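Okay, here's what each chain looks like letter by letter:
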Amino acid sequence: MAQSTASLTAFWLFICLFPSSILAQTPDSDGLIRIPIRRMKSIREKLIAQGLSRQQVHDRLEKMRTPTPKDRLAVDAALSANISVENLAKLFDLAYYGDLAIGTPPQQFKVLFDTGSSDFWVPSQKCVAAGSTECFSHSRYDSRLSSTFRANNTPIAIRYVKGNTTGFLSQDTVILAGLKVKQQFFVESTKFADGVLDSDFDGIMGMAYTNLAVSKATTVFENMALQKLVPHSVFSFFLTAGTTSTIGGELILGGIDNSLFEGDIIYTRVTRKGFWQIAMKGVIVVEGNYDSTTPLGCLKGCPAIVDTGTSLLYGPKVDIARINTAIGAFPGDTTGEIYYVDCSTISSMPTVFFVIEQVHFPLKPRDYVLQFFYSDGTSECLSGFAGEDYQTSAGLLWTLGDVFMRPYYTIFDFEQSRVGFAKVTIP
């Protein structure tokens, strides 16, 4: 169903102005389910809005992303036991959320649709009794109000870099765009990891493979496919660019919208089910004095995951340092994670190519630089390439987050165990 840029903009403006309870939808004639996505105000933007200086913002963010020695031990133990660990710092700079409801009658929630995890959790009404005062400002699920609730009560602890989000399993009807997913397991969260509720979303709906879930519960989307609510076990994301608009894009359940991309879809197989993990061949910086045939990152091939729950594009610290040096970026913290660039140099910065299936996917400076504006009229430009050493059996992991996904319509195909990329038609 072809849509013009103007019609899409008008549609998303309508979405932003009216409450989600009005937005009960039916599938398109092609069976696709479209869920509008909004861009939330990032942690960085919230700190800037408080009137903090640039250095104060940097210091606060570094403190928030740096785990304590106790946290480090817990993370190492979890990784040794093959338990996935979420890093909330990856949401500090840009994130997207959409609406769903749980229960009968429906209780509304804003959730992060996260292809980098598989658990589904929202705050429980019982978080108040558990002493989690940070949940006061968020929607909270109350099982007493739902006629379709089923108790389970299995305790669950989801590990984050800075603490756990804990709660218990429950079962109820989940409503996405008017479609009812029956008897869906989810975690009623009562206590939260540091910073997890500092964002605008209420909870997280994981969209990776079920085997990654700490709860072992079948994901919402896989249940949608099992209950034949979607025509195909495929979903796709269209994310908009920019840091100033609340319009975020669309999550499309059940297939592909051909009007949102141009050219061929380049598919690559999932190399390890759990995350949406694929194989990448290299990262190349082509302009300036750098040899366009010599990778500066992922030198011998590497594993990469495609993750809507990550703001930036993460890679091993040594590789990221080389890439940031090549584009003219400088370190922004002591961890080797964050880099900044001079905003006045954006127009002359090089293109960075990511090689997947022998195809070179370009990221231009407008794709990989995020600009933030302070109240004193100055601005700051963040490099979209961030450093993190995450060891896997296949090597150090790369994370293709929103920085990579905005220029490329991204398809997650359960049926054929593959991920597809195509150039978006709407800038």
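Just so you know, these numbers come straight off a predicted model, no measurement behind them.

Participant: Describe the sheet that holds strand β26 (residues 398–400), and please don't skip the residues or the numbers.
Facilitator: The strand order across the open sheet formed by six strands is β12-β13-β15-β26-β16-β23, and the pairing between neighbours is mixed. Since the sheet does not close on itself, it has two edges, and those belong to β12 (272–273) and β23 (385–387), each with one partner. Two strands pair when backbone bridges link them, and strand β16 (residues 313–315) and β26 are joined in this way by two bridges, in the antiparallel orientation. Bridge pairing in β26 links Leu313 to Leu400.

Participant: Please set out the packing of aromatic side chains residue by residue, giving values where relevant.
Facilitator: Under the criterion given, the structure shown has 24 aromatic pairs. Seen in terms of ring centroids, Phe235 and Phe412 are 5.0 Å apart; in terms of plane orientation they differ by 15 degrees. Their pairing is stacked. Of this pair, Phe235 sits in strand β9 (residues 234–239) while Phe412 sits in strand β27 (residues 408–413); the two residues are 177 residues apart in sequence, bridging distant segments of the chain. Taken individually, Phe235 and Phe412 each receive the classification buried, so the pair is uniform in this respect. Taking 5.3 Å as the distance between ring centres and 25 degrees as the angle between the ring planes, the aromatic pair formed by Phe261 and Tyr409 counts as stacked. With Phe261 in strand β11 (residues 261–269) and Tyr409 in strand β27, this residue pair connects regions lying 148 residues apart in the sequence. Looking at Phe261, the relative accessible area reads 10%, which means it is buried. Grouped by ring-pair contacts, the aromatic residues Tyr209, Phe221, Phe235, Phe237, Trp276, Phe412 and Phe414 constitute a single cluster. The ring of Tyr267 has Arg418 lying over it, and the distance from NZ or CZ to the ring centre is 3.6 Å.

Participant: So what's going on with the side chain of Arg38? Which residues, and what values?
Facilitator: If you trace the backbone, Arg38 turns up in strand β1 (residues 33–40). Residue classification places Arg38 among the buried residues on the basis of a relative accessible area of 13%. A polar contact of 3.3 Å, which involves the side chain of Arg38, links it to the side chain of Asp99.

Participant: I'd like to hear about the nonpolar core, residue by residue, with values.
Facilitator: With 91 residues, the main nonpolar core has Leu253, Phe354 and Trp398 as its most contacted residues. When near neighbours in sequence (up to four residues on either side) are disregarded, Phe354 contacts Met280, Gly282, Val283, Leu313, Val359, His360, Phe361, Leu363, Phe385, Trp398, Leu400 and Phe404.

Participant: Describe in detail the sheet that holds strand β20 (residues 359–363), supporting the description with residues and values.
Facilitator: Taken in spatial order, the three strands of this open sheet run β14-β19-β20, and their pairing is antiparallel. For this open sheet the edge positions go to β14 (282–285) and β20, each flanked by a neighbour on one side alone. Between one strand and the next, the sheet's axes are offset by a mean angle of 30 degrees, whatever the strand orientation. Pairing of β14 with strand β19 (residues 352–356) involves four bridges; the strand directions are antiparallel. Its bridge partner lying in β19, Ile284 is registered against Phe353.

Participant: So what about helix α6 (residues 317–327)? Which residues, and what values?
Facilitator: Helical geometry: 3.6 residues make up each α-helical turn, so side chains three or four residues apart lie on a common side. Inspection of α6 places Asp319, Ile320, Ile323, Asn324, Ala326 and Ile327 among the buried residues, and these make up the whole buried set. The buried residues of α6 occupy an angular sector of 155 degrees when the element is viewed end-on, so they sit on one face. Relative to its buried face, α6 has exposed residues pointing more than 90 degrees away, namely Val318 and Thr325. Downstream of α6 by one or two residues, Gly328 has phi in the positive range, about 90 degrees.

Participant: Describe the side chain of Asp367, listing the residues and the values that go with them.
Facilitator: By secondary structure assignment, the location of Asp367 is in helix α7 (residues 365–368). In this structure Asp367 is buried but unpaired, with Arg366 as the nearest side chain of opposite charge at 4.3 Å.

Participant: Requested: an account of the state of the cysteines, with residues and values cited.
Facilitator: Applying the stated criterion across every chain, the model contains three disulfides. Each sulfur in the disulfide pair Cys127 and Cys135 lies 1.9 Å from the other. Taking the sign of the torsion about the S-S bond as the criterion, the disulfide between Cys127 and Cys135, at about 85 degrees, is right-handed. At a sulfur-sulfur separation of 2.1 Å, the disulfide partner of Cys298 is Cys302. Residues Cys298 and Cys302 share a disulfide whose torsion about the S-S bond is about -105 degrees; that sign makes it left-handed. Assigned by exposure class, Cys298 and Cys302 land together as buried. For the chain, the disulfide bridges join cysteines in the arrangement 1-2, 3-4, 5-6, where the cysteines are counted in sequence order.

Reading the values: the criteria
Residues numbered from 1 in each chain as written. Predicted model: local features only at pLDDT ≥ 70, side-chain atom pairs only at ≥ 80, totals over all residues. Heavy atoms only, no water. Pairing = 2+ DSSP bridges. Helix = DSSP H or I, 4+ residues; strand = E, 2+ residues; numbered from the N terminus. Phe/Tyr/Trp six-rings, centres within 6.5 Å; stacked < 30°, edge-to-face > 60°. Buried < 20%, exposed > 50% of the residue type's maximum accessible area, 1.4 Å probe, protein only. Lys NZ or Arg CZ within 6 Å of the ring centre and 35° of its normal. Polar contact = N/O pair within 3.5 Å; in protein donor to acceptor, adjacent residues only side chain to side chain. Core = buried A, V, L, I, M, F, W, Y, C linked by side-chain atoms within 4.5 Å. Contact = heavy atoms within 4.5 Å. Axes fitted to C-alpha atoms, helices over the stretch in contact; angles between N-to-C directions. Arc of directions from axis to C-beta. Lys, Arg positive; Asp, Glu negative; His and termini not counted. Salt bridge = Lys/Arg side-chain N within 4 Å of Asp/Glu carboxyl O. Disulfide = S-S within 2.5 Å.

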